[in-house]
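Inside the fold
Each chain, letter by letter, is given below.
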Amino acid sequence: METQTAVSSFAVESGDISSKFDDDGRKKRTGTLTTASAHIITAVIGSGVLSLSWALAQLGWIAGIIALLIFSLITLLTCILLTDCYRSPNPITGRRNYNYMEAVKNNLGGIKYKLCAVSQYSNLVGISIGYTITAAISMAAVKRSNCFHKNGHEAGCHTSNSSYMIILGVIEIILSQIPNFHELAGLSFIASVMSFAYSLIGIGLSIAKIAERKNGSTSITGVTVGVDVTRSQKVFDSLQALGNIALAYFFSNVLIEIQDTLKSSPPENLVMKKASVIGVSITSVFYLLCGGLGYAAFGDLGPANFLTGFGFYEPYWLVNIANICIVVHLIGAYQLFSQPVYQLVEDCCKNRWPESNFIVEEHQIVIPFVGNFNINFFRCIWRTVYVIFTTVIAMLFPVFNSVLGLIGAASFWPLTVYFPIEMYISQAKIRSFSLKWFGLKTLSWVCFIVTIVAAVASIRGIIINLGHYKPFKSVS
């Protein structure tokens, strides 16, 4: 903090504060509504969209669509509340909070701050693992699609996912050297385009399947007890589906970090509210189309992943393009969700050993056709170790739907609902037991109950799936 103050003082004395530095002494932020919206779309439209048709199959038309709309509205409401917590105590003129955990610390403090740290960063690691699993499955799907096209749809065409996870790990190690959120705008734009591309392809393939009248049967209540599933399986799968939908809308744990990239004028909270509305609205439309049309195409017995479960075989080249787009998007999304983890460890080490050249010093290198690039030895080693760790864990537990459901359930209530509501109540000084206080608290408790039951269902699914699985031998 002293360093920031010194930089700010120097900037004021030299007359450069308005042109080179923000009010906190840091280099002037350049983010806009467009870049923030791109970051949000990259974060929100992820692997969750691939399981929405399966989720609707478990819940049925009525409960499935209602669940999608309710989760989108809850996410939008709490994110709007969270944008006011970027600065505290005043949402426009207060001190900046550079990340989600810092916002909780300055608004709530104490044990809640520590619980937030555990919840947020374990969730970010979990998402990195989930994205590695999903991207590897899509890479394997390209090979399988070519095999099916060549040998027929009845051919086995099974392939190991582990080798693709290793390839992804190498790519992520290289990209992990991008220093911070401010340098990720280009990658987020590419990832956003990819997410739109594979969502549109999935929608188009679903419409084509429906038009050919080869679609499966659907119902207002989803899979039928006694025909498709047992009663207990119906209950647990429906709860797991709620966890999958919750994950599909989840991006709160990086919202403050995204907001910290914005220019200070107009006020960051106003721009971020608009970006949240744009991001959540666009993704909600895509989710309704992907989930609804996917369910209409496949029916109650649709695959867990509607682009890699091979309900679609032809045109094989279009299926391949969709899966390549998924891979590119998730590579970018992995970096977006990993940045807070990188920064936490690096900031802690810099504060602990400020005199260490190994940790602090930047070395400039020239990359042909790219330009100058700063390398830090500690950053290089630490981020490489992190990527290797998440890749190894993904190879150990590649259970797609259950992992997504557990991540969604475990993170939805604390990070999307509880902390944003508690911070807003504290900052806005909402009177206890007032109508607004009661409404926000009721929403939080309802979401807590949903989180618990969805997490239990997902853990059950993981245990069942791992009962016949051998580590490092995941096969698509």
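What this report covers is the structure whose coordinates are included nearby. (Residues numbered from 1 in each chain as written. Predicted model: local features only at pLDDT ≥ 70, side-chain atom pairs only at ≥ 80, totals over all residues. Heavy atoms only, no water.)

If you want to describe how two helices pack, look at the angle between their axes and the distance between the axes. As a packed pair, helix H3 (residues 33-44) and helix H8 (residues 185-211) sit with axes 8 Å apart at the nearest point and diverge in direction by 55°. In terms of orientation, H3 lies oblique with respect to H8. Of the two elements, H3 crosses H8, and the hand of that crossing is left-handed. Taking contact as the criterion, the partners of Thr34, Thr35, Ala38, His39, Ile41 and Thr42 in H3 are, on H8, Ala185, Ser188, Phe189, Ala191, Ser192, Ser195 and Phe196. (Axes fitted to C-alpha atoms, helices over the stretch in contact; angles between N-to-C directions. Helix = DSSP H or I, 4+ residues; strand = E, 2+ residues; numbered from the N terminus. Parallel < 35°, antiparallel > 145°, perpendicular 65-115°, else oblique. Left-handed = near helix turned anticlockwise from the far one by under 90°. Contact = heavy atoms within 4.5 Å.)

Turning our eyes to something else, we now look at the state of the cysteines. In total, this model carries 1 disulfide according to the counting rule given. With a sulfur-sulfur separation of 1.9 Å, cysteine 147 is cross-linked through a disulfide to cysteine 157. Sign of the S-S torsion, about -75° for the bond between cysteine 147 and cysteine 157, identifies this disulfide as left-handed. Highlighted residues: cysteine 147 in helix H6 (residues 110-151) and cysteine 157 in the loop between H6 and helix H7 (162-175), separated in sequence by 10 residues. The thiol of cysteine 348 is not disulfide-bonded; the next cysteine sulfur, from cysteine 349, is found 6.8 Å away. Overall, the relative accessible area of 45% leaves cysteine 348 in the partly exposed class. (Disulfide = S-S within 2.5 Å. Buried < 20%, exposed > 50% of the residue type's maximum accessible area, 1.4 Å probe, protein only.)

Bringing the pattern of salt bridges into the picture now. Taken as a whole and assessed by the stated rule, the structure comprises 15 salt bridges. Linking arginine 29 and aspartate 22 is a salt bridge whose minimum nitrogen-to-oxygen distance equals 3.0 Å. For arginine 29, a relative accessible area of 5% puts it in the buried group. Note on aspartate 22: relative accessible area 3%, which makes it buried. Here arginine 87 makes a salt bridge to glutamate 268, at a shortest N to O gap of 2.9 Å. (Salt bridge = Lys/Arg side-chain N within 4 Å of Asp/Glu carboxyl O.)

This part covers the side chain of aspartate 237. For aspartate 237, the location among the structural elements is in helix H9 (residues 231-248). There is no salt bridge for the buried aspartate 237, and the closest opposite charge comes from arginine 460, which lies 4.8 Å off by N-O distance. Here aspartate 237 is in contact with Trp54 and Gln58, once residues within four sequence places are set aside. (Lys, Arg positive; Asp, Glu negative; His and termini not counted.)

In short, geometric facts, not functional conclusions.
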